[in-house]
Amino acid sequence: MTDLRFSLPKSTFRRTTALVAVTLAGLLAAGSPTSAEDGAGGAGTAASGQARALAAPDIPLANVKAHLTQFQSIATANGGNRAHGRPGYRASLDYVKAKLDAAGFTTTVQQFTSSGSTGYNLIADWPGGDADRIVMAGAHLDSVSSGAGINDNGSGSAAVLETALAVSRAQLQPTKHLRFAWWGAEELGLVGSRYYVNNLPAADRSKISGYINLDMVGSPNPGYFVYDDDPAIEKVFKDWYAGIGVATEIETEGDGRSDHASFKNVGIPVGGLFTGASRAKTAAQAAKWGGTSGQAFDRCYHSSCDSTTNINDTALDRNSDALAHAIWTLGTEEPLPPGEVYESTGDVAVPDNGAAVASTLTVSGRTGNAPAALRVGVDIKHTWRGDLVVDLLAPDGTAYRLKNSSSSDSADNVIATYTVDASSETADGNWRLRVQDVAAQDTGYIDSWKLTF
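Residues numbered from 1 in each chain as written. Predicted model: local features only at pLDDT ≥ 70, side-chain atom pairs only at ≥ 80, totals over all residues. Heavy atoms only, no water.

### Observations concerning the overall build of the protein chain
Counting its secondary structure elements, the protein chain contains 11 helices and 18 strands. Taken over 453 residues, the protein chain has a buried fraction of 57%. In the protein chain, the share of contacts with a sequence separation of at least 24, taken over all contacts with a separation of at least 6, comes to 80%. Element-wise, carbon and sulfur atoms account for 50% of the exposed surface of the protein chain, whose accessible area totals about 16600 Å². (Helix = DSSP H or I, 4+ residues; strand = E, 2+ residues; numbered from the N terminus. Buried < 20%, exposed > 50% of the residue type's maximum accessible area, 1.4 Å probe, protein only. Contact = heavy atoms within 4.5 Å. Areas by Shrake-Rupley, 256 points an atom, 1.4 Å probe, with all protein chains shown as cover.)

Below, the structure is given as structure tokens:
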């Protein structure tokens, strides 16, 4: 995981990043609905689709640890690390690629340049599935130069690799297309994943219905943290952990510091797992998960001692199984059927750092309640979407949070589709999209929005 120790004031950061961000469009999702690029469909669908998902196999811990042993051996033979631009990184990539090639994946090595050295991403596609609906899982493969990087991030890389190999062993026939990735130069600032995303045409980005990131999933003093970016992906992981009686917490230490941020910044729904880095475990967390309070989740974070002895087997095993569960669940669910659309196209200005405004559309002629998978398509033009808080208001005034504000979400526009469980709401009536700009210096307006029943 990238170590970000410094940040700029908002006003400075806005202007510094504006030239990079101005062409990006997307969504930071929070709350209860599913989010996705408009037209892509969310990473999760209706409960009926998930009910048809196949059960995932158990991922053998011994297999995952065998990959870690290989990463350690590669580092030992190549100056003690697997960092970008060093021979240990390319040897690690070659090891992973050989496993995937033998298992029947179509692999692609993508090259980029960073800090004067050639870097590499590895992309592996499993044959079949709907190419317009892609579920991705990935992890960064590089270490820092000070050590072998076995927890950070051999653990995530090994879990993703073994889950991909489990797909091959099962000869899984998913409804969605499955893609796995190992990123280079994450430790230099998410370079590899950002290069991949930025070189995807917009049409190809919109086909990725969800990206799952694993970064540090075997910390020796572990916590069980779940990304809360996309509610559908989050729910899959939280439900799995609840099923084995393990409490989880929302992941905050790694916000913006791992490869999911590259996807989130262009509006692709993201989720993931994490067991903690340099932050100290609290007494409450130790009571809940075991381990040592007052001690870092990983005392060897970015250090030479991040070796094969720096892994908690239970955490690694659980997170590997959780990833497989997510791939099987999200990859084999059925698409939502088409529905009737109601749309409002009148522009509503959103005042800068001002009061909330609303756009209203009227639904009439429907009987009963709204569906459990009411789709809310949003097109908001804005120069800094991180300022925006967006809610759907039902006819009785009940608010459904679609998007929270975020000072790190620096791109423009909110062009996305959310899925809301509105089954307790009467369908007919006046529905409103409420938008508030909660910080200064930016302008925008509600362009259009729609409900699909």
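Next comes the rest of the write-up.
### Regarding the packing of helix H3 (residues 61-77) against helix H11 (residues 313-332)
Any two packed helices are characterised by how steeply their axes cross, that is the angle between the axes, and by the distance between the axes. Viewed as axis vectors pointing N to C, H3 and H11 meet at an angle of 110°, and their least axial separation amounts to 10 Å. As judged from the angle between their axes, H3 and H11 are roughly perpendicular. Side by side, H3 and H11 meet where Leu61, Val64, Lys65 and Leu68 of the first sit next to Asp313, Leu316, Asp317 and Ser320 of the second. Its residues placed into classes, the contact of H3 with H11 shows four nonpolar, one polar and three charged. (Axes fitted to C-alpha atoms, helices over the stretch in contact; angles between N-to-C directions. Parallel < 35°, antiparallel > 145°, perpendicular 65-115°, else oblique. Nonpolar A, V, L, I, M, F, W, Y, C, P; charged D, E, K, R; others polar.)

### Regarding the sheet that holds strand S9 (residues 270-274)
Pairing within the open sheet is mixed, and its eight strands lie in the order S2-S3-S5-S4-S6-S9-S7-S8. Each of the sheet's edge strands pairs with one partner strand only, and the pair in question is strand S2 (106-114) and strand S8 (249-250). One ladder, built from two bridges, connects strand S7 (residues 225-226) with S8; its direction is parallel. By the bridge assignment for S8, phenylalanine 225 is matched with glutamate 249. In the packing of helix H4 (residues 87-102) onto the sheet, the strands contacted are S2, strand S3 (117-126) and strand S5 (176-183), and the crossing angle to S3 comes to about 15°. Running over the sheet, H11 touches strand S4 (130-140), S5, strand S6 (208-214) and S9 and is turned about 175° from S6. (Pairing = 2+ DSSP bridges.)

### Considerations on the sheet that holds strand S15 (residues 399-403)
As summarised here, the arrangement of the four strands in space is S12-S17-S14-S15, forming an open sheet in which the pairing is antiparallel. Two strands close off the open sheet at either side, each with one partner strand: strand S12 (357-363) and S15. Averaged over neighbouring strand pairs, the angle between their axes works out to 20° when direction is ignored.

### So, the pattern of salt bridges
In total, this model carries 18 salt bridges according to the counting rule given. Residue arginine 90 pairs with aspartate 94 through a salt bridge whose shortest N-O separation is 2.9 Å. Residue arginine 90 and its partner aspartate 94 are located together in helix H4, separated by four residues, close to a single helical turn. For arginine 90, a relative accessible area of 30% gives the class partly exposed. Judged by its relative accessible area of 37%, aspartate 94 is partly exposed. Between arginine 401 and aspartate 391 there is a salt bridge, with its nearest N and O atoms 2.6 Å apart. Of this pair, arginine 401 sits in strand S15 while aspartate 391 sits in strand S14 (residues 388-393), placing them 10 residues apart in sequence. (Salt bridge = Lys/Arg side-chain N within 4 Å of Asp/Glu carboxyl O.)

### Re H4
With 16 residues, H4 should reach 22 Å at 1.5 Å per residue; the first-to-last C-alpha distance of 23 Å fits that figure. The set of residues buried in H4 consists of Gly88, Tyr89, Ser92, Leu93, Tyr95, Val96 and Leu100. Across the axial projection of H4, the buried residues extend over an arc of 155°, all falling on one side. Along H4, the residues that are exposed and aim more than 90 degrees away from the buried face are Pro87 and Ala102. (Expected span 1.5 Å × (residues − 1). Arc of directions from axis to C-beta.)

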